[in-house]
Amino acid sequence: KVQSQAYRFLQKYDEAIQVLDKGIAEFGNNRRAIDLLVDKHELLLTSGDFDAARKVIGEIEDLRMPQLQPLIDFQRAQIIFANSDWSKAALLLKRVRPKLVGFGSYQARAGLMLGTAYEKLGKLDLAREVYNIVLKDPAIASHPLRKNVLARLERIDKKLGLATRT
């Protein structure tokens, strides 16, 4: 995993994917393999290879682990979001975000994406509401997402003529 992260940092995506594929083959269907599949999906999104990212979602679904369904739905939403289909992304993110409890920062990321989709749709009141919910999540108290959410809220507050945050 560390080696794939190094390749990712260097934007050598093909090499990073090869390393992840080796690990996935080595670990089989256990938790480590799932983590590597999720990393592979993220990497493919970053590289813009949405077709390959969809295939990874299929591989995760093939594991037939119902507890992963919220993560799978979030991965689908990421692809829809990356394709700027704001209405469809907002619908899926609104449905999946509450189900991502226990999936680390994914719930906060889904909230940030949902707020962004609402902003793109011109629904600033809904975006503001979602961002405030995200800020209440203790999981992002020291997460880099927090700064991004605060900046977006400040921008919306200015657009709506609301008081500035301190």
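Undergrad: Go over the nonpolar core, please, and point to the residues and values.
TA: Ile-60, Phe-74, Leu-93, Leu-100, Tyr-106 and Tyr-131 are the most contacted members of the largest nonpolar core, which has 54 residues in total. Only helix 2 (13-27), helix 3 (31-47), helix 4 (50-62), helix 5 (69-82), helix 6 (86-96), helix 7 (106-120), helix 8 (124-135) and helix 9 (145-160) provide two or more residues apiece to this core. No other element matches the 8 residues that helix 7 contributes to this core. Excluding residues within four positions of it along the chain, Tyr-106 makes contact with Val-38, Glu-42, Leu-71, Phe-74 and Leu-100.

Undergrad: Would you mind going over the layout of surface pockets in detail, with residue names and values included?
TA: Here the second largest pocket is characterised by a volume of approximately 150 Å³. Lining the second largest pocket are Lys-94, Arg-97, Pro-98, Leu-114, Tyr-118, Leu-126, Glu-129, Val-130 and Ile-133. Elements represented by at least two residues in the lining of the second largest pocket include exactly helix 7 and helix 8. In terms of residue count, the dominant contributor to the lining of the second largest pocket is helix 8 (4 residues). Across the lining of the second largest pocket, the residue classes tally to 6 nonpolar, no polar and 3 charged.

Undergrad: Before we move on, can you summarise unusual backbone geometry with the specific residues and values?
TA: Here Arg-64, not a glycine, exhibits a phi torsion of approximately 50°, which is positive. Among the structural elements, Arg-64 can be located in the loop between helix 4 and helix 5. Residue class for Arg-64 comes out exposed when judged on its relative accessible area of 69%. Its identity as a non-glycine residue notwithstanding, Ser-84 has a phi of 60°, on the positive side. The residue Ser-84 is located in the loop between helix 5 and helix 6 in this model. Using a relative accessible area of 40% as the deciding quantity, one classes Ser-84 as partly exposed.

Undergrad: Can you explain the confidence of the model for the protein? Please cite residues and give values.
TA: Residues of the protein with pLDDT of at least 70 account for 92%, and the chain-wide mean is 88. Ranking the helices and strands of the protein by mean pLDDT puts helix 6 first, with 97, and helix 1 (residues 2-9) last, with 66.

Undergrad: Hey, could you go over the environment of Leu-114 for me, with residue numbers and the actual values?
TA: With respect to the helices, strands and loops of the structure, Leu-114 is situated in helix 7. For Leu-114, a relative accessible area of 3% puts it in the buried group. Placed 63 residues apart in sequence, Leu-114 and Asp-51 show a C-alpha to C-alpha distance of 22 Å. If sequence neighbours within four positions are ignored, Leu-114 has contacts with Ala-90, Leu-93, Lys-94 and Val-130.

Conventions and cut-offs
Residues numbered from 1 in each chain as written. Predicted model: local features only at pLDDT ≥ 70, side-chain atom pairs only at ≥ 80, totals over all residues. Heavy atoms only, no water. Core = buried A, V, L, I, M, F, W, Y, C linked by side-chain atoms within 4.5 Å. Buried < 20%, exposed > 50% of the residue type's maximum accessible area, 1.4 Å probe, protein only. Helix = DSSP H or I, 4+ residues; strand = E, 2+ residues; numbered from the N terminus. Contact = heavy atoms within 4.5 Å. 1 Å grid on protein atoms, 1.4 Å probe; cavity = no way out; pocket = protein on both sides within 12 Å on 5 of 7 lines; lining within 4 Å. Points joined across faces, edges and corners; volume = space filled by probe spheres on them. Nonpolar A, V, L, I, M, F, W, Y, C, P; charged D, E, K, R; others polar. pLDDT = per-residue confidence, 0-100.

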